Amino acid sequence: MNFSVSSFDDLSARIAAVRDEHRERFPGGADGRQPVHTVYVPADRFSRSTPADFGAEALRLLNTHTPGAGSFGAAFGLDPELAGPVRERVAAKLAREPIEDVRIDFEDGYGVRPDDEEDAHIAQVVEAVAAAYQVKGLPHYWGVRVKSFADGGHDRAMRTLDGFLTALRDRLGRLPGGFTITFPKVVAAEHVGLFVEYLDRLETALGLPSGILRFEVQVETTEAIFDPDGRVALPAIAAAAGGRLTAAHFGVFDYTAALGLPPEEQRLDHPACDFARHVMQVAFAGTGVRLSDGSSNVIPRNDGPDEVNATWQTHAAQVAHSLRHGFYQGWDLHPAHLPSRYAAVYAFHLTGADEVIGRVRAWHDQAAAGGVLDEPATIRALTDRLRRAVDCGALDESVLPAS
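Residues numbered from 1 in each chain as written. Predicted model: local features only at pLDDT ≥ 70, side-chain atom pairs only at ≥ 80, totals over all residues. Heavy atoms only, no water.

Details of unusual backbone geometry
Residues other than glycine seldom take positive phi values, yet Lys136 does so here, at roughly 55°. Note on placement: Lys136 falls in the loop between α5 (115–134) and β3 (141–145). On the basis of relative accessibility, which here comes to 78%, the residue Lys136 falls in the exposed class. Although it is not a glycine, Lys185 adopts a positive phi angle of roughly 50°. (Helix = DSSP H or I, 4+ residues; strand = E, 2+ residues; numbered from the N terminus. Buried < 20%, exposed > 50% of the residue type's maximum accessible area, 1.4 Å probe, protein only.)

What about the packing of helix α11 (residues 305–324) against helix α12 (residues 337–350)?
It is the contact of α11 with α12, at a shortest axis distance of 8 Å, that shows an interaxial angle of 40°. Taken together, α11 and α12 sit at an angle that is classed as oblique. Crossing angle aside, the handedness with which α11 passes α12 is right-handed. Of the residues in α12, those touching α11 at Thr311, Trp312, His315, Ala316, Val319, Ala320 and Leu323 are His337, Pro339, Ser340, Arg341, Ala344, Val345 and Phe348. Residues that form the contact of α11 with α12 fall into these classes: nine nonpolar, four polar and one charged. (Axes fitted to C-alpha atoms, helices over the stretch in contact; angles between N-to-C directions. Parallel < 35°, antiparallel > 145°, perpendicular 65-115°, else oblique. Left-handed = near helix turned anticlockwise from the far one by under 90°. Contact = heavy atoms within 4.5 Å. Nonpolar A, V, L, I, M, F, W, Y, C, P; charged D, E, K, R; others polar.)

Re the environment of Val102
Structurally, Val102 can be placed in strand β2 (residues 101–105). Assessed through its relative accessible area of 0%, Val102 is described here as buried. Along the primary structure Val102 and Thr50 are separated by 52 residues, whereas in three dimensions their C-alpha atoms are 9.6 Å apart. Once residues lying within four places of it in the same chain are set aside, the contact partners of Val102 are Thr38, Val39, Val41, Phe46, Pro139, Tyr141, Trp142 and Gly143.

Details of the sheet that holds β2
Spatial ordering of the open sheet is given by β7-β6-β5-β4-β3-β2-β1-β8, a layout of eight strands whose pairing is parallel. Strands with a single pairing partner mark the edges of an open sheet, and in this sheet they are β7 (290–292) and β8 (330–332). Within this sheet the neighbouring strands show an average axis-to-axis angle of 30°, counted without direction. (Pairing = 2+ DSSP bridges.)

Focus on the pairing of β2
Here β2 lies mainly inside the structure; five of its five residues are buried. Bridging between β2 and β3 involves five bridges; their strand directions are parallel. Note on β3: the bridge partner recorded for Arg103 is Gly143. With respect to chirality, the unit in which β2 leads through α5 into the neighbouring parallel β3 is right-handed. (Right-handed = clockwise from strand over helix to strand, strands pointing away.)

Remarks on the layout of surface pockets
By volume, the largest pocket amounts to about 840 Å³. Listing elements by their share of the lining of the largest pocket, those giving two or more residues are α10 (271–284), β7, α12 and α14 (376–392). Here the lining of the largest pocket gets seven residues from one element, more than from any other, and that element is α14. Within the lining of the largest pocket, the residues separate by chemical class into 13 nonpolar, 10 polar and seven charged. Both domains that meet at the lining of the largest pocket, namely domain 1 (29–351) and domain 2 (352–402), each give it at least three residues. (1 Å grid on protein atoms, 1.4 Å probe; cavity = no way out; pocket = protein on both sides within 12 Å on 5 of 7 lines; lining within 4 Å. Points joined across faces, edges and corners; volume = space filled by probe spheres on them. Domains from an automatic or database assignment.)

Things to note about the pairing of strand β4 (residues 179–183)
Counted residue by residue, β4 has five buried out of five residues, so it is predominantly covered. Residues Phe179, Ile181 and Phe183 point to one face of β4 and Thr180 and Thr182 to the other, with burial holding for every one of them. Bridge count for β3 against β4 is four bridges, and the pairing is parallel. Within β4, the position partnered with Arg145 by the bridge is Thr182. In terms of strand pairing, β4 meets strand β5 (residues 215–219) through three bridges, oriented parallel. Counted as the bridge partner of Phe183 is Val217 from β5. Handedness of the crossover is the feature at issue here: the chain leaves β4, passes through helix α7 (residues 189–206), returns alongside β5, and the resulting connection is right-handed.

Considering a nonpolar patch on the surface
Side chains of Phe8, Leu11 and Ile15 sit close together on the surface and give an oily, nonpolar patch of about 280 Å² of accessible area. Secondary-structure assignment places Ile15 in helix α1 (residues 9–25). (Patch = residues over 30% accessible without salt bridge, like charges linked within 9 Å, V, L, I, M, F, W, Y side chains within 5 Å. Areas by Shrake-Rupley, 256 points an atom, 1.4 Å probe, with all protein chains shown as cover. Salt bridge = Lys/Arg side-chain N within 4 Å of Asp/Glu carboxyl O.)

As for the domain arrangement of the protein chain
For interface size, the figure often reported is the accessible area lost on association. Structurally, the protein chain comprises domain 1 (29–351) and domain 2 (352–402). The C-alpha centroid of domain 2 is placed 28 Å from the C-alpha centroid of domain 1. Counting residues at the interface gives 13 residues for domain 1 and 10 residues for domain 2. Together domain 1 and domain 2 conceal approximately 1100 Å² of surface at their shared face, both sides included; 52% is due to carbon and sulfur atoms. In this structure, the connection of domain 1 to domain 2 is made through zero salt bridges. At the junction of domain 1 with domain 2, the criterion picks out nine residue pairs in polar contact (both at pLDDT 80 or more). The set of elements that each furnish at least two residues to the side of domain 1 that touches domain 2 consists of α4 (80–96) and α12. Sort the elements by how many residues they give to the side of domain 1 that touches domain 2 and α12 lands first, with five residues. (Buried area = accessible area lost by both parts, 1.4 Å probe. Polar contact = N/O pair within 3.5 Å; in protein donor to acceptor, adjacent residues only side chain to side chain.)

Written out as structure tokens, the structure reads:
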């Protein structure tokens, strides 16, 4: 050695400082369970039984149009050996927990209405949420979507959230866990910062703990991808959220319309959407901000087998596209989306599951699995995949390697 250890102490200290700053900005993946979907329900249609009603209708469609493993496999293009286990798990999921995350919508799905009408629907939603909470009928995650700050709806957005949370506090005396606010159509980080200021004031006024009101942004404008100076806009949006940001959800229809795509090309699996999703992945990797894809707008016009199966095929294909691109959550808008959502998700997780388990076990045993020497990063990804499969009900907890 040419140097004594003390001669580069200053370099070690600076290296550690850079490392610590990096860890603060990129703490790693989010803790806890990520839902496989968010179901959006217009506020005027939400009731205490909405989650159960969605599940019952989805299960009816499943049993009517795919009564057995053969018809189920044909509907979703599954290998016969996989069709039976997937169908069994999908049916159980629809009966037990059909909706993992619900968003009560006061934005596009609800529309612009007179103040007294929206205020009345706030009161109606509060009663529905309180009643569902008291009988353990709320999904694991739930929340509201308010209007955008970008198009003149800011006053109504703040009034709605204030009215909802104030009435819910008075009704229940607390805010049920799993609550998230959806902040749509972000065009500027400054709007996110102003929303955070509003949440700070609202928490103080309601006597809520500081920082308890957390939110997700919707990436559905071109300005949310690149700012006016040509820089990727998402890091500034996340910074403006001040630690309150839980997720970023892609909005396919506003985004593709902003690009000038014709209506028939405004679809989740369009290459333009792939580009936006990849920018989101790079911008938020390692930050703890979760990612969600958008929705399919195809729904059955009636109960006929042609209509239902066409919806299922389109929706399942788009869900599978999202999964292949590393987006493990998406939006659902209709009960018919639930069978195809879970069919695609469960098929994704169960396909090759034994191989995944074997590779993880082999790595921990310091042995190659099937001629593959996996890197630690790959093992983390495989372990995360198994964890997601267990969380959503595709696999049983007992299959996970002990480590």
